[in-house]
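Each chain, letter by letter, is given below.
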Amino acid sequence: MENKQIYDTVIVGAGPAGMAAAIYAARAELSFCLIDRSYAPGGQVLSTYEVDNYPGLPGLSGGELSDAFKKHCDKLGCNFITADITDITPGHIAPNGFFNEIDPHTQGLDSINELLYMITTNEGDAYLTKTIIAATGASHKKAGIEGEEEYAGMGVSYCATCDGAFFRKKDVAVVGGGDVALEDAIFLSRLCKKVYIVHRRDTFRAAKSLVTAADAIDNIEFVFDSVSKRISGNNNVEELLINNVKTFGDRVLPVSGVFIAIGIKPTTELFQNLVACDEAGYIIADESGKTSMPGIFAAGDIRKKPLRQIITAAADGANCVTSVEGYLTK
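Note that this is a predicted model, so its numbers are computed, not measured. (Residues numbered from 1 in each chain as written. Predicted model: local features only at pLDDT ≥ 70, side-chain atom pairs only at ≥ 80, totals over all residues. Heavy atoms only, no water.)

**Observations concerning the sheet that holds strand 12 (residues 220-223)**
Link 1 in the chain: If you walk across this open sheet you meet the five strands as 9-16-10-11-12, and the pairing is parallel. Looking at the sheet topology across the chains shown, the edges are occupied by strand 9 (156-157) and strand 12.
Link 2 in the chain: Where strand 11 (residues 194-198) lies against strand 12, four bridges are found, and the strand directions are parallel. Paired with valine 198 across the two strands is valine 223, which belongs to strand 12. (Pairing = 2+ DSSP bridges. Helix = DSSP H or I, 4+ residues; strand = E, 2+ residues; numbered from the N terminus.)

**Things to note about the sheet that holds strand 13 (residues 226-234)**
Link 1 in the chain: The strand order across the open sheet built from three strands is 13-14-15, with neighbouring strands paired in antiparallel fashion. Because the sheet does not close on itself, it has two edges, and the strands there are strand 13 and strand 15 (250-253). Pairwise comparison of adjacent strand axes, ignoring direction, gives a mean angle of 25° for this sheet.
Link 2 in the chain: Judged from the eight bridges that link them, strand 13 and strand 14 (residues 236-244) form a sheet pairing that is antiparallel. Its bridge partner lying in strand 14, valine 227 is registered against asparagine 243. (Axes fitted to C-alpha atoms, helices over the stretch in contact; angles between N-to-C directions.)

**Some points on the pattern of salt bridges**
Working definition: two side chains of opposite charge can pair if their charged atoms are close together.
Link 1 in the chain: Under the definition given, this model contains 13 salt bridges.
Link 2 in the chain: Residue aspartate 202 pairs with lysine 246 through a salt bridge whose shortest N-O separation is 3.6 Å. Remark: lysine 246 occurs in the loop between strand 14 and strand 15 and aspartate 202 occurs in the loop between strand 11 and helix 5 (208-215); sequence separation between them is 44 residues.
Link 3 in the chain: Judged by its relative accessible area of 53%, lysine 246 is exposed.
Link 4 in the chain: Glutamate 269 is paired through a salt bridge with lysine 265; the nearest N and O atoms lie 3.9 Å apart.
Link 5 in the chain: Overlapping salt bridges bring together Lys194, Glu221 and Arg251 as one network. (Salt bridge = Lys/Arg side-chain N within 4 Å of Asp/Glu carboxyl O. Buried < 20%, exposed > 50% of the residue type's maximum accessible area, 1.4 Å probe, protein only.)

**Looking at the environment of phenylalanine 297**
Link 1 in the chain: Residue position: phenylalanine 297 is located in strand 18 (residues 296-298).
Link 2 in the chain: Using a relative accessible area of 4% as the deciding quantity, one classes phenylalanine 297 as buried.
Link 3 in the chain: C-alpha of phenylalanine 297 to C-alpha of valine 324: the two residues are 27 residues apart in sequence and 7.8 Å apart in space.
Link 4 in the chain: Not counting residues within four places of it along the chain, the set of residues in contact with phenylalanine 297 comprises Thr131, Ile132, Ile133, Ala134, Ser288, Gly289, Lys290, Thr291, Cys320, Ser323, Val324 and Tyr327. (Contact = heavy atoms within 4.5 Å.)

Dropping the structure here:
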């Protein structure tokens with residue numbers, strides 16, 4: 001390991017947070033690489049039909065915005081590596097030149113400068129770095145409805161605040177019964193002609209205050225005891241077929257959009273044993289990106305925070321690079 005390159009930072013994930021971090025790291029003249037499992041960088045934004053809330057670039061598709069981020073990275077010479085990371089190990093290089101694994105939480109180092117991370121991939125490669133920017137994002141839980149994958153980005157959405165404006169004065173359905181589903185329905189009711197909330201039980205799991213607020217809105221209809229069976233249409237969503245679990249009767253909802261609101265899952269498997277996470281698996285970190293582990297910083301949807309949008313992910317990436325610079329200066 002003595003002659004192996006040691007990066008200032010390795011960015012894990014090529015969504016808006018990761019690519020923003022790469023741009024800032026390049027401008028800061030840090031030695032770094034960005035590792036992502038996908039050949040097409042962009043993360044969740046790739047499945048967004050149109051992005052209308054990123055400042056200065058209204059009307060771009062998710063693919064176009066991702067492509068713009070990638071071109072900016074390429075212009076700065078950012079090093080993208082496509083691989084699946086299999087392990088991240090903290091340690092240091094011993095006098096004999098071998099990499100020794102340690103637990104920084106329980107085993108002290110003579111100097112923080114000795115702490116390194118070894119990142120190994122499914123390609124059999126190993127990368128050494130002084131810091132890591134975790135930007136692997138989160139993924140929306142899928143409902144498993146027939147047609148859900150086919151119409152993703154063509155009427156099926158997982159983010160009401162991102163895509164709600166595209167369904168102005170149209171009828172839509174929200175699938176789910178928790179806080180997010182009710183919040184989405186209330187938000188959509190201000191834009192849409194009609195909002196159905198489809199829930200498999202006869203009561204919502206959401207906070208009573210949200211249920212009361214939604215019930216008071218004229219253009220919201222509760223559809224209880226119903227499961228979604230099929231999403232269909234001609235190029236775009238036109239119908240949602242539901243089935244009543246008590247009467248077993250089918251009903252077709254004529255909608256232009258179906259919002260799946262059954263939760264999201266952070267992609268934190270690589271970091272679960274390294275940093276502190278909350279009960280849902282999100283990495284606990286403030287706006288600086290600092291986590292409970294020295295040298296590991298969290299950016300984007302992977303981080304516990306109130307708003308998960310492209311703009312907040314990009315901001316996190318920039319903040320993490322500033323934190324990395326401060327850490328390396330020490």
